[in-house]
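These are the residues of each chain, in order.
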Protein chains: 2
Amino acid sequence: MAESSNVAVRRGGRRRSTSRAALEHLAFELFDERGFEDTTIEDIAAAAGIGRRTFFRYFPSKNDVPWGSFDEQLDVMRARFAACPAEMPLLDAVREVVVDFNRVDQAEVPWLRRRMRFILTVPALQAHSTLRYADWRLVVAEFVGERLGEPADALRPQAIAHATLGVAIAAYQQWLADPTVELTQLLDTALRALSTGFA
Amino acid sequence: MAESSNVAVRRGGRRRSTSRAALEHLAFELFDERGFEDTTIEDIAAAAGIGRRTFFRYFPSKNDVPWGSFDEQLDVMRARFAACPAEMPLLDAVREVVVDFNRVDQAEVPWLRRRMRFILTVPALQAHSTLRYADWRLVVAEFVGERLGEPADALRPQAIAHATLGVAIAAYQQWLADPTVELTQLLDTALRALSTGFA
DNA sequence: AAGGTAATGGCACTCGGTGTCGATTGGAAG
DNA sequence: CTTCCAATCGACACCGAGTGCCATTACCTT
């Protein structure tokens, strides 16, 4: 397992001519200039000096560009759930992990904002996001299922995961609309409301 | 405004050669046979005896086929919210309307099940559903906003709308997995849990 | 019968996405 | 240095969804 690191072993072969991150940066510039829909894969590939076909070796689809390396992020979230003390009430744990998960470095805030602006406002990306959210929800549902002693696909874990995600998205939308409030603050407020049944 | 009825006035012109409902039925058969992805618009059009181009005059996209006339449904839901007694607690009202909205005729249950099976299991449809759900959420958020004296796009109305939708989807998924339970029962259970903060 | 109106459907086009395959580029072994 | 292998690249061809355009068809009204 010493080899399974993310550094990639490179036993030989041609070097990759760019990176996901570089393409993402580049694509974001174009999206800002012309808009997401009016930027073609060919535009991005040309700007990056690669072939259209090669673009699809870095991203499975155009819609995946704004998601960066979301899967690795989910591993982090999973780890935080695992590190949660068992005596912490269920929804408190969920809230803390979700809020903490979204506590990003000040320097990265503009990036996060831009990323989320795309995801939450471009229809094609709104739609695609559902597929990525499913993975996010699974992380929550597995934790909740574990705690409740139910399968992750049972009603309560699923309902809680769905509700948590929904509330988090609502908080994100508020954050986009009003940059002066802290994202973590909004998430905390909204998730607290959820855990009290919006009383 | 006497003309704005949905009966369509027909001052002349060629008759429509089919209907949304007929196309939907037909498409569902093909989807069941070959699967959603492996059924092309041309397949559906050919089966219906219309041109490919004409299909897009009945449905804006292939992904919209399983949604039938969802917009009219939303009008119904809006009306039910409007008819809610003002003294009924907020989340009770939401729950009752949502549950009632999903109380369908026994004869239509198989149809609803098939429809939802497509929407909730085919990735392209899962993704697309987000765009339709947005309209659904707006109906809820407008009602909640009205009640709370806040704009529909404020945090609480949005959070409640998102959470309600999420929980409803979780209930639907359970219903799909286990046909023996009543959908309305599942929705009621899940939404009650939501309104008590999943205590 | 004539004229207006709305639906139809063919055509051509764009774009996202995929399979194939030969061409490149590098590391490692001899 | 040469040879071999492995991974990446990128060109080409193809498919299907979706759209603009426009002539044609079918129907209703006068």
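About the cut-offs
Residues numbered from 1 in each chain as written. Chains lettered and ligands numbered in written order. Predicted model: local features only at pLDDT ≥ 70, side-chain atom pairs only at ≥ 80, totals over all residues. Heavy atoms only, no water. UniProt positions renumbered as here; feature names shortened; annotations may be inferred. Helix = DSSP H or I, 4+ residues; strand = E, 2+ residues; numbered from the N terminus. Contact = heavy atoms within 4.5 Å. Buried area = accessible area lost by both parts, 1.4 Å probe. Salt bridge = Lys/Arg side-chain N within 4 Å of Asp/Glu carboxyl O. Polar contact = N/O pair within 3.5 Å; in protein donor to acceptor, adjacent residues only side chain to side chain. Nonpolar A, V, L, I, M, F, W, Y, C, P; charged D, E, K, R; others polar. Least-squares fit on C-alpha atoms with pLDDT ≥ 70 in both. Near = heavy atom within 4 Å. Domains from an automatic or database assignment. Expected span 1.5 Å × (residues − 1). Buried < 20%, exposed > 50% of the residue type's maximum accessible area, 1.4 Å probe, protein only. Core = buried A, V, L, I, M, F, W, Y, C linked by side-chain atoms within 4.5 Å.

Undergrad: Looking at this structure, how should I read the UniProt feature "domain: HTH tetR-type" (unreviewed entry) in chain A?
TA: Mapped onto this numbering, the UniProt entry gives "domain: HTH tetR-type" (unreviewed entry) at residues 17-77 of chain A. Here residues 17-77 of chain A is 62% helix and 0% strand, with 31 Å between the C-alpha atoms at its ends.

Undergrad: Please explain the interface of chain A and chain B as it appears in this structure.
TA: Between chain A and chain B, the residue contacts involve 33 residues of the former and 33 residues of the latter. Counting each side, the surface lost to burial between chain A and chain B is near 2,400 Å², with a carbon and sulfur contribution of 69%. On inspection of chain A and its partner chain B, the count reaches 0 salt bridges. Counting across the interface, chain A meets chain B through 5 residue pairs in polar contact (both at pLDDT 80 or more). Contributing elements (two or more residues each) for the side of chain A that touches chain B: α7 (123-148), α8 (155-177) and α9 (183-195) of chain A. Looking at which element gives the most residues to the side of chain A that touches chain B, the answer is α8 of chain A, with 14 residues. Broken down by class, the residue content of the side of chain A that touches chain B amounts to 19 nonpolar, 12 polar and 2 charged.

Undergrad: Looking at this model, I keep getting lost on the UniProt feature "DNA-binding region" (unreviewed entry) in chain A. Mind explaining?
TA: In the numbering used here, UniProt assigns the feature "DNA-binding region" (unreviewed entry) to residues 40-59 of chain A. Each end of residues 40-59 of chain A is marked by a C-alpha atom, and these two atoms are 14 Å apart; helix forms 75% of the span and strand 0%.

Undergrad: How should the relation of the copies chain A and chain B be read in this particular structure?
TA: Two copies of a chain can be linked by a rotation about an axis combined with a shift along that same axis. Superposing chain A onto chain B requires a rotation of 180° together with a translation of 0.0 Å along the rotation axis, leaving an RMSD of 0.1 Å. On the angle and the small slide along the axis, the relation comes out as a two-fold axis. Looking at chain A, 100% of its interface residues are interface residues in chain B too, so the copies touch through the same face.

Undergrad: When you look at the protein's contact with DNA strand D in this model, what are you seeing that I'm missing?
TA: Taken together, 30 residues surround DNA strand D, and among them S17, R57 and Y58 of chain A together with R15 and R53 of chain B come closest. Within 4 Å of the protein, the atoms of DNA strand D are drawn from sugar and phosphate moieties in a proportion of 61%. At a separation of 3.0 Å, a phosphate oxygen of DNA strand D approaches a polar backbone atom of G51 of chain A. For the surface near DNA strand D, the secondary-structure elements that each account for two or more residues are α3 (52-58) of chain A together with α3 (52-58) of chain B. For the surface near DNA strand D, the residue count by class is 5 nonpolar, 11 polar and 14 charged.

Undergrad: How should I be thinking about the domain arrangement of chain A in this particular structure?
TA: A common way to report how large an interface is uses the accessible area buried once the components associate. All names here are of chain A. We note that the domain assignment places domain 1 (20-60) and domain 2 (69-196) within chain A. Listed as interface residues are 8 residues of domain 1 and, on the opposing side, 8 residues of domain 2. Between domain 1 and domain 2, a total of about 830 Å² is buried, with carbon and sulfur atoms accounting for 63% of that surface. The largest share of the area that domain 1 buries against domain 2 comes from F28, D32 and F36, three residues that together contribute 55% of it. There are 4 salt bridges connecting domain 1 and domain 2.

Undergrad: For this particular structure, what's the right way to read helix α1 (residues 20-34) of chain B?
TA: Residue pairs three or four apart in sequence face the same way in an α-helix, which turns once every 3.6 residues. Residue and element names in this part refer to chain B. Under the 1.5 Å per step criterion, the end-to-end length of α1 is 21 Å for 15 residues, consistent within 8% with the ideal 21 Å. All of the buried residues along α1 are L23, E24, A27, F28, L30 and F31. Backbone geometry just downstream of α1 places G35 in the positive-phi region, at approximately 90°.

Undergrad: Just to check I follow, could you spell out the side chain of Q158 of chain A for this structure?
TA: Residue position: Q158 of chain A is located in helix α8. Among all residues touching Q158 of chain A, those that are not within four sequence positions of it are A141, A152 and D153 of chain A together with A170, Q173 and Q174 of chain B.

Undergrad: Any chance you could explain the protein's contact with DNA strand C here in plain terms?
TA: Taken together, the neighbourhood of DNA strand C is formed by 29 residues, with R52, R53 and K62 of chain A together with R57 and Y58 of chain B sitting nearest. Atoms of DNA strand C within 4 Å of the protein belong to the sugar or the phosphate in 59% of instances, the rest to bases. R15 of chain A places a polar side-chain atom, nitrogen or oxygen, 2.9 Å from a phosphate oxygen of DNA strand C. In the model, a phosphate oxygen of DNA strand C is placed 2.9 Å from a nitrogen or oxygen of the T54 of chain B side chain. Those elements that provide at least two residues to the surface near DNA strand C are α3 of chain A together with α3 of chain B. Looking at the surface near DNA strand C element by element, the count peaks at 4 residues for α3 of chain B.

Undergrad: Explain the nonpolar core to me, please; I cannot follow it from the model alone.
TA: A general trend in soluble globular proteins is that nonpolar side chains are found buried together. Core analysis: the largest hydrophobic core is formed by 95 residues, its most contacted members being F198 of chain A together with F198 of chain B. In contact with F198 of chain B, not counting residues within four places along its chain, are L91, R156, A159, I160, A163 and L194 of chain A together with V167 and A193 of chain B.

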